[in-house]
Amino acid sequence: MSKTYDQGWLCENFNMWEVFKIFLKKMFFWRKQPQIKKLFDDIRIICKIFPPKLIKIRKDKITVISDSGTYMPVEVNDGTVTVYGGISLKNSVVLLKDHVLVVEKVRNKILNDGSLWVDNTLLIGNIKSLSNLNIVSGGIVHCNIDKLSMLYVKDGRFKGDIGKVEKWLHISDPGGFITGNVHKVMEAMYLDFGYFITEALPAVVGGYAVIKDCKVQRPDGKLWSWEEILGNIGDLNEDQEVFLFGSGGNILLGAGAGHILFREGTDTYSRYKTETIISSNNFFRLINGKAQRVSLKIANDQHIEVPQGKFYSLIRFEICDELSIISHRL
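Rules of the game
Residues numbered from 1 in each chain as written. Predicted model: local features only at pLDDT ≥ 70, side-chain atom pairs only at ≥ 80, totals over all residues. Heavy atoms only, no water. Pairing = 2+ DSSP bridges. Helix = DSSP H or I, 4+ residues; strand = E, 2+ residues; numbered from the N terminus. Buried < 20%, exposed > 50% of the residue type's maximum accessible area, 1.4 Å probe, protein only. Phe/Tyr/Trp six-rings, centres within 6.5 Å; stacked < 30°, edge-to-face > 60°. Lys NZ or Arg CZ within 6 Å of the ring centre and 35° of its normal.

**Overview of the pairing of strand S23 (residues 313-321)**
Relative to S23, strand S20 (residues 259-264) is paired through six bridges, and the arrangement is antiparallel. Looking at the pairing, Glu264 lines up with Ser313 of S23. Bridge count for strand S22 (residues 290-298) against S23 is five bridges, and the pairing is antiparallel. By the bridge assignment for S23, Leu296 is matched with Ile319.

Right, here's the structure in full:
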């Protein structure tokens, strides 16, 4: 991991012709042009976050070059650094100190838009909001975040306080750690591997969580029980779609619904894949204060409306209490 970026780069690395043009415009059209001093002050702040070689001036504005080669506009106002688009921090140490980072989503159909990738980087500071935070390849993030769409931790660590995760919280690697309090997860948690260390369990509003080999524990090392985790999972809606992939998971379902939906392709092999996924995972619900296993069986009624133009179908499963099934068989 490299040291923090040197600020003595300005005259050597910047396109000084662009700066000179701005200076000339200010001389002749000073009321319509940005202040030169603010421009250079903003550059000095931005160079604490991004490598100088990625920072360019285009059309009188500061931009940062993304991994895809796209120029992402950057603005600095009242202590907030706002990046418009998706961006990566690689092989560096970033200390935000008195500044707050915001990554704004500017499009609707691009996966990485509004995302921050932290790759082999130490990031310490505050993030107000962004779409996706992805921590990979030994990345470490120590910060507090008001809200984000998704938190993904592979081989990395997150430490801090998060107000709200609007979609998913996902730990996918044995080297992944989340330490701190996540107050709300609006859809689901996918805890495949690694550690989730927290003083208070998040409220999972979306109605389900998937736990494989991840350790969900208190700071003193004591594991949270499944009953405690289920107690913080909100009700499922009737015929709610559940996203599930892989095998060997323990799916903790909220109360409320008697049926859930799974998405599958329209080919004949997709039904087999769906049934394989269902049979290779375990499903639990909180029944009479205890985490009890439940079964899923294909419901008799499969009349489900799917929006036109979609290349998938939906299959309805009934949630069955296994004790009730045994009693019925006896």
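Let's pick the thread back up.
**What to know about the pairing of strand S16 (residues 208-211)**
Of the two faces of S16, both are covered, the one formed by Tyr208 and Val210 as well as the one formed by Ala209 and Ile211. Pairing geometry for strand S13 (residues 188-191) and S16, over four bridges, is parallel. Its bridge partner being in S16, Tyr190 is matched across the sheet by Val210. As paired strands, S16 and strand S19 (residues 250-253) are joined by four bridges and run antiparallel to one another. Paired with Tyr208 across the two strands is Leu253, which belongs to S19.

**Here we look at the packing of aromatic side chains**
To describe a pair of aromatic rings, you give the distance between the ring centres and the angle between the ring planes. For the coordinates displayed, the defined rule picks out seven aromatic pairs. Plain terms: the ring middles of Trp168 and Tyr190 are 5.9 Å apart, the flat faces sit at 85° to each other, and that makes the pair edge-to-face. Note that Trp168 is positioned in strand S11 (residues 168-171) and Tyr190 in strand S13, a separation of 22 residues in sequence. The class for Tyr190 is buried, based on a relative accessible area of 3%. Between the aromatic rings of Phe262 and Phe317, the centroid separation amounts to 5.6 Å while the plane-to-plane angle is 85°, which identifies the pairing as edge-to-face. Here Phe262 is found in strand S20, whereas its partner Phe317 is found in strand S23, with 55 residues between them in sequence. Phe317 matches Phe262 in its accessibility class, with the two residues each being buried. In this structure an aromatic cluster arises from ring pairing among Trp168, Tyr190, Tyr208, Phe243 and Phe245. The ring of Phe177 has Arg157 sitting right over it, with the charged end atom 4.0 Å from the ring centre.

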